[in-house]
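Here's the letter readout for the chains.
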Amino acid sequence: MTDLAKRTCKPCEGGTSAMGRDEAEGMLAGLEGWRLSGDASSIRRHFEFKGFLKAVEMANLAAWLGNKQGPHPDIPFGYGYCDVTFTTHAAGGLTENDFICAARLDALVAFLDESYVASGKLAHMHFLLSRDEKPLLSVARGVARADGTPLRPDALYRIASMT
């Protein structure tokens, strides 16, 4: 996990300006799989999946993260793919917040699926969040929590794609 993934986005103040290409390329060096747009106004990552459901789950995960952190990504998806693009619309380009969200998304994906690889392909991803919004591992793998302990039957849990 990069240091960026441990940080939280700060609300854009009036007059927040977009970073230049050189600064964006420097920040991008710490992220794997993300690409800078030609005009250096956004970063994008392409994820591939087997089927439609996993692409929908990835789109929902990125939307959930954007809603929690502030930068709302553009998320085109379809059968077998999901593209996530971050840019700070209020600044008209990239800010540190976009790189924080990209790093946090990468950390969530890596945590939620141990078979995550640098190519961006995920073999399987079903996820749950606890009431305090901490990610839990896939129930489909036979464990309900990262530490392997079962969920309490009376606990209220929600599927992240429903938030």
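Calculation criteria
- Residues numbered from 1 in each chain as written.
- Predicted model: local features only at pLDDT ≥ 70, side-chain atom pairs only at ≥ 80, totals over all residues.
- Heavy atoms only, no water.
- Helix = DSSP H or I, 4+ residues; strand = E, 2+ residues; numbered from the N terminus.
- Buried < 20%, exposed > 50% of the residue type's maximum accessible area, 1.4 Å probe, protein only.
- Contact = heavy atoms within 4.5 Å.
- Areas by Shrake-Rupley, 256 points an atom, 1.4 Å probe, with all protein chains shown as cover.
- Pairing = 2+ DSSP bridges.
- Axes fitted to C-alpha atoms, helices over the stretch in contact; angles between N-to-C directions.
- Phe/Tyr/Trp six-rings, centres within 6.5 Å; stacked < 30°, edge-to-face > 60°.

**Comments concerning the overall build of the protein**
Counting its secondary structure elements, the protein contains 3 helices and 7 strands. The order of helices and strands in the protein, counted from the N terminus, is α-β-β-α-β-β-α-β-β-β. Out of the 163 residues in the protein, the part that is buried amounts to 44%. Residue pairs in contact within the protein that sit at least 24 positions apart in sequence constitute 61% of those at least 6 positions apart. Of the roughly 8600 Å² of accessible surface on the protein, a fraction of 54% belongs to carbon and sulfur atoms.

**Examining the sheet that holds strand S1 (residues 35–36)**
Strand order across the open sheet formed by 4 strands is S1-S2-S4-S3, with antiparallel pairing between neighbours. Edge positions in the sheet fall to S1 and strand S3 (77–78), since each of these pairs with one other strand and no more. Along the sheet, helix H2 (residues 53–69) makes contact with strand S2 (43–48), S3 and strand S4 (81–86), crossing S4 at roughly 15°.

**Describing the pairing of S4**
Counting buried positions along S4 gives 5 out of 6 residues, so the element sits mostly inside the fold. Two strands pair when backbone bridges link them, and S2 and S4 are joined in this way by 6 bridges, in the antiparallel orientation. By the bridge assignment for S4, Phe-47 is matched with Cys-82. Sheet topology places S3 next to S4; 2 bridges connect them, and they run antiparallel. Counted as the bridge partner of Phe-77 is Cys-82 from S4. Where S3 folds back on S4, the antiparallel hairpin that results is connected by 2 residues, among which Gly-80 adopts a positive phi of roughly 85°.

**Concerning the packing of aromatic side chains**
If you walk through the whole model with that rule in mind, you get 3 aromatic pairs. When the ring of Trp-34 is compared with that of Phe-86, the centres are 5.9 Å apart and the planes differ by 40°; the resulting orientation is tilted. Note that Trp-34 is positioned in the loop between helix H1 (21–28) and S1 and Phe-86 in strand S4, a separation of 52 residues in sequence. The same class applies to Trp-34 as to Phe-86, namely buried. Centroid distance Phe-52 to Phe-77: 6.1 Å. Interplanar angle 35°. Geometry classified as tilted. Of this pair, Phe-52 sits in the loop between S2 and H2 while Phe-77 sits in strand S3; the two residues are 25 residues apart in sequence, bridging distant segments of the chain. The partly exposed category is assigned to Phe-52, whose relative accessible area is 43%.

**Quick look at the pairing of S2**
Going residue by residue along S2, you find Ile-43, Arg-45 and Phe-47 tucked away on one face and Arg-44, His-46 and Glu-48 left uncovered on the opposite face. With 2 bridges connecting them, S1 and S2 associate as antiparallel partners. Bridge assignment links Arg-35 to a residue of S2, and that residue is Arg-44.

Distances and angles like these do not, on their own, reveal function.
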